Amino acid sequence: MTKIRLKLSKGEEVKYISHLDLLRTFQRAIKRAGLPINYSQGFNPHPIMSFALPLSVGTTSETEYMEMELKREIKPEQVMDQLNEVLPKGIEIKKAEIVNNNSRKDFGLICMADYNAKIELKNDIHVDVKTELQKMLNTDEILIDKKTKKGMREINIIPLMHELDILKQDEKNIDLYLKLSAGSKANLKVDLVLQALEKHIQGFEVDYAAIHRTELWIEKDGEILRPIA
């Protein structure tokens, strides 16, 4: 038995497919690629595979992670090549590596995610957004309504925003870098940050935002690491 961890990209062509659609796509691709995937036991066997933090519909990414359990040892490069031959346009395996069984809970250790957001504003903005961001980060509290399983509730997003930076700005376009809390313990979506910016920065009204996830991070044994080195 071999456990393979894969790093993959999800491009513009497939940004509107759901996580369930992505799961089904890989189930079919694995079968077409002829990979000897392991199946669970019981009345309803299913391929043993899992994905790290699911991506929101409409978001692209260059750092999605998944694991699969194979019945026999196969070189990671071979798994990557065979899958890339059959995956649809917009999904591509970038890296592959063998991981041991002790890594089983790694995806549950995800703590942060990096994003780039290309923002088009409704109107020209004449303030220095970088300065305004710094003012926001220096406050103790920014309250935003967040939808939860128990309904809407107000949360303070300041502890969940680790870095915000302007990569580029002109009158109507802003490229924003974000490092946000992510995972099962605390998760902040880019959309909520944009709501906060609209609330706190004069003239900041989002017309359209293209969101791209650039990395996921896990906290393991006191270190912040990438799921694949």
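Definitions and limits used
Residues numbered from 1 in each chain as written. Predicted model: local features only at pLDDT ≥ 70, side-chain atom pairs only at ≥ 80, totals over all residues. Heavy atoms only, no water. Phe/Tyr/Trp six-rings, centres within 6.5 Å; stacked < 30°, edge-to-face > 60°. Helix = DSSP H or I, 4+ residues; strand = E, 2+ residues; numbered from the N terminus. Buried < 20%, exposed > 50% of the residue type's maximum accessible area, 1.4 Å probe, protein only. Core = buried A, V, L, I, M, F, W, Y, C linked by side-chain atoms within 4.5 Å. Contact = heavy atoms within 4.5 Å.

With the rule as written, the count across this model stands at 1 aromatic pair. Look at Phe26 and Phe51: their rings are 5.6 Å apart centre to centre, the planes differ by 70°, and that puts the pair in the edge-to-face class. In this pair, Phe26 is assigned in helix α1 (residues 19–33) and Phe51 in strand β2 (residues 49–51), connecting sequence segments 25 residues apart. A single burial state applies to Phe26 and to Phe51, both of which are buried.

Core analysis: the biggest nonpolar cluster contains 42 residues, and Ile119, Met161, Leu176, Leu178, Leu197 and Phe204 have the highest contact counts within it. Counting residues per element, the ones that place at least two in this core are β5 (110–121), α3 (129–137), β8 (161–169), β9 (173–181), α4 (190–200) and β10 (206–220). With near-sequence residues (within four places) excluded, Leu176 lies in contact with Tyr115, Asn116, Ala117, Ile119, Leu133, Asp165, Ile166, Leu194 and Leu197. Grouped together as the second largest cluster of nonpolar side chains are 23 residues, Met68, Met80, Leu87 and Ile93 included.

Attention now goes to α4. Given 3.6 residues per helical turn, the α-helix brings residues three or four places apart onto the same face. Among all positions in α4, only Val190, Leu192, Val193, Leu194, Ala196 and Leu197 are buried. In this structure, the buried side of α4 is in contact with β5, α3, β6 (143–148), β8, β9 and β10.

Moving on to helix α2 (residues 76–86). Where α2 is concerned, the buried positions are Pro76, Val79, Met80, Gln82 and Leu83. On its buried face, α2 sits against β1 (2–10), α1, β3 (60–70) and β4 (91–99).

Following the sequence through the fold, Asp175 ends up in strand β9. Judged by its relative accessible area of 17%, Asp175 falls in the buried class. A C-alpha to C-alpha distance of 7.0 Å links Asp175 and Asn116, two positions 59 residues apart in sequence. Not counting the four nearest positions on each side in its chain, Asp175 is found in contact with Ala117, Lys118, Asp165, Ile166, Leu167 and Lys168.

These results come straight from atomic positions and should not be treated as a statement about function.
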